[in-house]
Amino acid sequence: MSDQIQFIVEKLNQEPFKKNYNLITFDSLESVQLLQLLSDVLGEIDPKHAVDIREELPENTAKRMLTLLGILKYKPPGSVTDLSAFRQGLVTGSKPVIHPVLHWLLQRTNELKKRAYLARFLVKLDVPVEFLQDDTVADINKQYEELMEAFKNLHKECEQLKTSGLSTAEIRRDISAMEEEKDQLIKRVERLKKRVETVQNHQRMLEIARQLRLEKEREESLAQQKQEQKNQLFHAEQRLQRAQLQLKEMHHAVVDSKPESLMKKLEEEINFNSYLATEKIPRELESKKKSVYFLQKAIAEPAMGQSDLNVLESKINEVNVQINQLIEKRMMKYEPVDSKLSMYRQQASIISRKKEAKAEELQAAKEEMSSTEKQMIQKTNQAHELDGSEVLKGDELKHYVNKLRSKNTVYKRKRLEIAEITAEYGILQRTEELLKQRHEAIQQQLQAIEDKKGISGYSYTQEELERVSAVKSEVDGMKGQTLDNMSEMVKKLNAMVAEKKSSLAPVIKELRQLRQKCQELTQECDEKKIQYDSCAAGLESNRSTLEQEVKGLLEECTQEESNYHYVNCMRKNLEIQLQRVKEEMKIYVSPDPQERRKAIREQYTRMILEQENLGKKLREKQKVVRESHGPNMKQIKMWQDFEQLMECKRECFLKQQNQTAIGQVIQEAGKDRLVL
């Protein structure tokens, strides 16, 4: 405990609190000061709680602190009874309650600051289920949840950027390096411009090169558009195939069946859907609502320990035992009378369970079929995106397999050729190494002969002269061929532009046809969508009117029910008051004095007399205190003077003892001697 208090004092003396406490002053703080100190620490964690507790009610202070401690996930020690004691101690400012809270808060201030900051945006508002039935409230709640998820993602990205290790120095170095590269590129461009300016018709050549670049970019964009149009056409064909397949299935169903069978199938489907809508789904919805209610109730409860869980488990076991005993008693009581009825009930329950099981199996089969269809469509799309063609079937697949086999044989043959070339490359590489070794040996012999003859370095100088002359001749040849190359390049560019235009003409023609077909399909889709929207709008309007009627009737029912309960309660209250008045009148009129003493009037009269007597006694006591106030004050003054006199005597006695301890004064023959 002393270590805990010492840690709290050290933290409070540091930034940002600067309280300048020691162990004695901290331990002598009153309850109000401790509560203010706890409020200051909570205000440092969350600025909204930096308030003066003298300006708010104690209940509001305790509620505010308990709310923030719950958000910060503080778990007070002990069981449920200890939790109530913790709340009471927090209201009264008890030291055994405040000190552990301060120690826990000061240990992890930075972590709790982050948690309090996130709690402002991530603590979800509890909206009642009946309010969520309103479309506006539901949309706003959905937007609120989406914004909360977006905030979570942004916060995670921010934390990752903080911990990624990217520093401003590295970014500045990268920027400076990019600026240097930019300057170098600008200089290179200027040099190239100066070199090109000496060439004739350089402006026309640059214009042709620019046109070539633009044509290439246009070609890429057209190729991309073509690919997009192909993808759209493929998806449209897939939708058309699915629609045709559904149409064929409907035709087969119509041809192979009769109106009676169709009506029977529709009735079965309607019965199944009505069973789902009226029995199964409402029952599941009700169970979900109950589970959500219990979960919210469990969340609202304070944190529970292992002892609380054990107590709850024991209570659950006791209740289960009582339920089993009641069921056995009921079975023993009603079994001989309702044996046939219980048998029918049992059969009905078995049939209902089978019905529910079959409905769940049918629903699961429908979901599995829809998921399988989605997977098939997805796999088909993936295959089309990877290969750019449709999935092969039948003879096309066999032809494709034969083609792969022929390619496999070609691949094996090419692989053998590559192996032979690799072996030959190894032999040639070894030969090159041997020739290099022989060349180095000959060079060493030649250098030794030159040193012996006194002309060392002659061969090297000769080689350098030959190399320089060869380079000079190459440069001269390149200068002579520059104009020819430029003219040839211009011709090639013109030819390439014409070729690209001719090759793109059929593509553009095909693209126009595809666009026309796409417009037709889009128009058909819009017409179908308009029909669907009109039908949906009619159904939605009918549903909204019915919902409004049901809502009005429910509100009227609840209003009437509340009025009934209110009138009933008022009637009961008036009956109780009337009964009390009758009893009081009976007691007050009774000739028996003992009975009359029980009346409320008599009781209040006795209480008034007692209070008057108590007031007289207090006034007499006040008079006595006023009379004895002067002598008592004089006596206090005399005792204070006496205390000062005794303190002075004590100091004189201590001084005398200190002087005798220094030495001893001896008087002999009229002389004083100090002996140390």
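Residues numbered from 1 in each chain as written. Predicted model: local features only at pLDDT ≥ 70, side-chain atom pairs only at ≥ 80, totals over all residues. Heavy atoms only, no water.

Under an unreviewed UniProt entry, the name given to the protein is Intraflagellar transport protein 81 homolog, and the source organism is Meleagris gallopavo. Quoted verbatim from the Sequence similarities (unreviewed entry) field of UniProt, the annotation for the protein is "Belongs to the IFT81 family." According to the UniProt record, the Subcellular location (unreviewed entry) comment for the protein is "Cytoplasm, Cytoskeleton, Cilium basal body". (UniProt positions renumbered as here; feature names shortened; annotations may be inferred.)

Visitor: Outline the overall build of the protein, listing residues and values.
Guide: Of regular secondary structure, the protein possesses 19 helices and two strands. For the protein, the proportion of its 676 residues judged to be buried stands at 12%. Put simply, 57% of the contacts in the protein that link residues at least 6 apart link residues at least 24 apart. A total accessible area of about 57300 Å² is found for the protein, and carbon and sulfur atoms account for 57% of it. (Helix = DSSP H or I, 4+ residues; strand = E, 2+ residues; numbered from the N terminus. Buried < 20%, exposed > 50% of the residue type's maximum accessible area, 1.4 Å probe, protein only. Contact = heavy atoms within 4.5 Å. Areas by Shrake-Rupley, 256 points an atom, 1.4 Å probe, with all protein chains shown as cover.)

Visitor: Which residues make up the pattern of salt bridges, and what are the values?
Guide: Following the criterion strictly, the structure yields twelve salt bridges and no others. E207 is the salt-bridge partner of R210, the closest N and O atoms lying 2.4 Å from each other. You can see R210 and its partner E207 sitting in helix α11 (residues 202–256), three residues apart, about one turn around the helix. Judged by relative accessible area, E207 falls into the partly exposed class, the value being 33%. We note a salt bridge from K358 to E361, for which the minimum N-O separation is 3.8 Å. Residue K358 and its partner E361 are both found in helix α14 (residues 339–387); the two are separated by three residues, about one turn of the helix. Residue class for K358 comes out exposed when judged on its relative accessible area of 55%. (Salt bridge = Lys/Arg side-chain N within 4 Å of Asp/Glu carboxyl O.)

Visitor: Quick one: what's the story with the side chain of Q238, residue by residue and with numbers?
Guide: Summarising the element assignment, Q238 is placed in helix α11. The buried category is assigned to Q238, whose relative accessible area is 10%. Once you skip the residues sitting within four places of it in the chain, Q238 turns out to touch T380 and N381.

Visitor: Residue-level account of the side chain of R64, with values.
Guide: Along the chain, the position of R64 falls in helix α4 (residues 58–71). R64 sits in the buried class, given a relative accessible area of 14%. At 3.4 Å, the side chain of R64 and the side chain of S39 are in polar contact. The contact partners of R64, leaving out residues within four places of it in the chain, are S39, H49, V51, I53 and E56. (Polar contact = N/O pair within 3.5 Å; in protein donor to acceptor, adjacent residues only side chain to side chain.)

Visitor: Can you tell me about helix α3 (residues 31–45), naming the residues and giving the values?
Guide: Between its first and last C-alpha, α3 extends 21 Å over 15 residues, near the 21 Å set by a 1.5 Å rise per residue. Considered for burial, the residues of α3 that qualify are L34, L35, Q36, L37, L38, S39, V41, L42, G43 and I45. (Expected span 1.5 Å × (residues − 1).)

Visitor: So, a nonpolar patch on the surface: which residues are in play, and what are the values?
Guide: Residues V581, M585, Y588 and V589 make up a contiguous nonpolar surface patch of roughly 390 Å² in combined accessible area. If you trace the backbone, V581 turns up in helix α16 (residues 458–589). (Patch = residues over 30% accessible without salt bridge, like charges linked within 9 Å, V, L, I, M, F, W, Y side chains within 5 Å.)

Visitor: I'd like to hear about the nonpolar core, residue by residue, with values.
Guide: In terms of nonpolar packing, the biggest core is built from 31 residues, with L12, F26, L38, L69, L72, L102 and L105 touching the most fellow members. Sequence-distant contacts of L69, defined by excluding residues within four places in its chain, comprise L42, Y74, F86, L90, V101 and L105. (Core = buried A, V, L, I, M, F, W, Y, C linked by side-chain atoms within 4.5 Å.)

Visitor: Let's hear about the environment of D27: which residues, and what values?
Guide: Along the polypeptide, D27 turns up in helix α2 (residues 23–27). Overall, the relative accessible area of 39% leaves D27 in the partly exposed class. The spacing of D27 and V9 is 18 residues in sequence and 9.9 Å in space, taken between C-alpha atoms.

Visitor: Let's hear about α4: which residues, and what values?
Guide: Residues that lie three or four places apart on an α-helix share one face, since the helix turns once every 3.6 residues. Counted at 1.5 Å a residue, the expected span for α4 with its 14 residues is 20 Å, and the 20 Å between its end C-alpha atoms agrees. Taken residue by residue, α4 has T61, A62, R64, M65, L68 and L69 as its buried positions. One side of α4 carries all its buried residues, which in axial view fall inside an arc of 165°. For α4, the exposed residues set more than 90 degrees away from the buried face come down to E59, K63 and G70. Looking at the residues trailing α4, positive phi occurs at K73, about 65°. (Arc of directions from axis to C-beta.)

Visitor: Summarise empty space enclosed by the protein; cite the residues concerned and give the values.
Guide: All chains considered together, the criterion is met by one cavity of 30 Å³ or more. Within this model, the largest cavity holds a volume of roughly 50 Å³. Around the largest cavity sit L212, E215, K216, E219, M496, V497 and K500, which together line it. At the level of secondary structure, the elements contributing two or more residues to the lining of the largest cavity comprise α11 and α16. In terms of residue count, the dominant contributor to the lining of the largest cavity is α11 (four residues). Each residue belonging to the lining of the largest cavity can be placed in one class, and the counts come to three nonpolar, no polar and four charged. (1 Å grid on protein atoms, 1.4 Å probe; cavity = no way out; pocket = protein on both sides within 12 Å on 5 of 7 lines; lining within 4 Å. Points joined across faces, edges and corners; volume = space filled by probe spheres on them. Nonpolar A, V, L, I, M, F, W, Y, C, P; charged D, E, K, R; others polar.)

Visitor: Please give an account of the packing of α3 against helix α6 (residues 95–107) that cites residues and values.
Guide: The N-to-C vectors of α3 and α6 enclose an angle of 20°; their axes lie 11 Å apart at closest approach. Classed by the angle they form, the pair α3 and α6 counts as roughly parallel. Where α3 crosses over α6, the handedness of that crossing is left-handed. Two secondary-structure elements touch here, α3 through L34, L35, L37, L38, V41, L42 and I45 and α6 through K95, I98, H99, V101, L102, L105 and L106. For the contact of α3 with α6, the residue count by class is twelve nonpolar, one polar and one charged. (Axes fitted to C-alpha atoms, helices over the stretch in contact; angles between N-to-C directions. Parallel < 35°, antiparallel > 145°, perpendicular 65-115°, else oblique. Left-handed = near helix turned anticlockwise from the far one by under 90°.)

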